[in-house]
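Below are the chains, spelled out letter by letter.
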Amino acid sequence: MASRRLIMEGLGAAVRFWPTALARTWGALTLTAAVIGLSSAFGLWSPQSPWRLAAFAASLAAVVMAQGGLYRQALAVGAPGPAGLQWGMAENRLGAVWALTAVFLSVLGMLAFVVVLSFAFAIASAGKGFVTALPMTWARGVDDRGRAVMAIVAGLCLVGLTWSAMRVSLAAAATVARGRLQVLASWPTTRGVVWPIVICKFALAIGPLGFAIGVLAWGARASSAPWLSGLVAGAMTVVWLPLNAGLMAYFYQRAAAT
């Protein structure tokens, strides 16, 4: 019952914050949408693009700036710059949050990969036709039961990674609110609310994602996928960033009040 109340209140806070966020941070959101939309439309993120690193850096900087304005507003810890365009210590810290979170989840991802690989090798070595010196025989050693076990192990690893990501999901809100870098230090703030956060994020994303998939499917038939994908990516940015900031601000403020 308490989780249901948290979910409903979190969704309500996110939806109520969205129009207010657009009114005060429209400049930063427009800039972010333009950078991400153009990068997607012109394929600047593709491995073949010589502009890949520059496009990634520009997109990340734009997102961080927009987040800075959104969290300042959602947490009432200072007014955002004109139309949300500002860069200060809060944005520097948010950039560090992104980097440290990526490192943290990458380490966990590598550990999960090692676990899955170890199980795969153990299952294959117990199967028929397995020869240690011949790697091409390893896949044949995994039978149907082995594949079922592998699916379970991979699923548990994915759940573990999702749970860990949600345990530090309030890092950005905590960093802006407390005025100091918070990543693992924000772990206790999500105690007891991990799955409500997951459900809220899924509920907020499912509608826009469904719309985006439908538009892109139509665009593929109309041979207009490149520019349409950029338009959709930009629109999703304007929708998701304020919703997510409103949601995370709600859960952080609730944790801070208890």
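No experiment lies behind these values; they were computed from the predicted model shown.

Student: Go over the overall build of the protein chain, please, and point to the residues and values.
Tutor: Counting secondary structure elements, the protein chain contains seven helices and zero strands. With 258 residues in all, the protein chain has 42% of them scored as buried. Approximately 13,800 Å² of the protein chain is accessible, and the part contributed by carbon and sulfur atoms is 74%.

Student: Mind laying out the nonpolar core, listing which residues take part and the relevant values?
Tutor: The biggest cluster of nonpolar side chains holds 40 residues, and the ones touching the most others in it are Leu70, Tyr71, Leu75, Leu247, Met248 and Phe251. Counting only elements with at least two residues in this core, the list comes to helix 1 (2-41), helix 2 (52-75), helix 4 (144-167), helix 5 (171-178), helix 6 (194-221) and helix 7 (225-257). In this structure Tyr71 touches Ala76, Val77, Ala172, Ala173, Val176, Asn244, Ala245, Met248 and Ala249, once residues within four positions along its chain are discounted.

Student: Account for the packing of aromatic side chains, with residues named and values stated.
Tutor: Here a ring pair, both rings aromatic, is described through the centre-centre distance and the interplanar angle of the planes. Tallying each qualifying case throughout the model produces three aromatic pairs. With a centroid separation of 5.5 Å and 80° between ring planes, the pair formed by Trp163 and Trp187 is classed as edge-to-face. Placement of the pair is Trp163 in helix 4 and Trp187 in the loop between helix 5 and helix 6, with a sequence separation of 24 residues. Overall, the relative accessible area of 34% leaves Trp163 in the partly exposed class. Clustering of aromatic rings is evident, with ring pairs tying together Phe104, Trp163 and Trp187.

Student: Any details on unusual backbone geometry? Residues and values, ideally.
Tutor: Here the phi dihedral of Ala76 falls at roughly 55°; this positive angle occurs in a residue that is not glycine. With respect to the helices and strands, the residue Ala76 is situated in the loop between helix 2 and helix 3 (89-125). The class for Ala76 is exposed, based on a relative accessible area of 66%. Phi at Ala83 takes a positive value of approximately 60°, unusual for a residue other than glycine.

Student: Describe helix 5, listing the residues and the values that go with them.
Tutor: When you tally the buried positions in helix 5, you get six out of eight residues, the bulk of the element. Two residues or fewer after helix 5 comes Gly179, characterised by a positive phi angle close to 70°.

Student: Any chance you could break down a nonpolar patch on the surface for me, citing the residues and the numbers?
Tutor: A contiguous nonpolar surface patch, about 380 Å² in accessible area, is contributed by Val103, Val107, Met110 and Leu111. With respect to the secondary-structure elements, Leu111 resides in helix 3.

About the thresholds
Residues numbered from 1 in each chain as written. Predicted model: local features only at pLDDT ≥ 70, side-chain atom pairs only at ≥ 80, totals over all residues. Heavy atoms only, no water. Helix = DSSP H or I, 4+ residues; strand = E, 2+ residues; numbered from the N terminus. Buried < 20%, exposed > 50% of the residue type's maximum accessible area, 1.4 Å probe, protein only. Areas by Shrake-Rupley, 256 points an atom, 1.4 Å probe, with all protein chains shown as cover. Core = buried A, V, L, I, M, F, W, Y, C linked by side-chain atoms within 4.5 Å. Contact = heavy atoms within 4.5 Å. Phe/Tyr/Trp six-rings, centres within 6.5 Å; stacked < 30°, edge-to-face > 60°. Patch = residues over 30% accessible without salt bridge, like charges linked within 9 Å, V, L, I, M, F, W, Y side chains within 5 Å. Salt bridge = Lys/Arg side-chain N within 4 Å of Asp/Glu carboxyl O.

Purely geometric numbers; function is a separate question.
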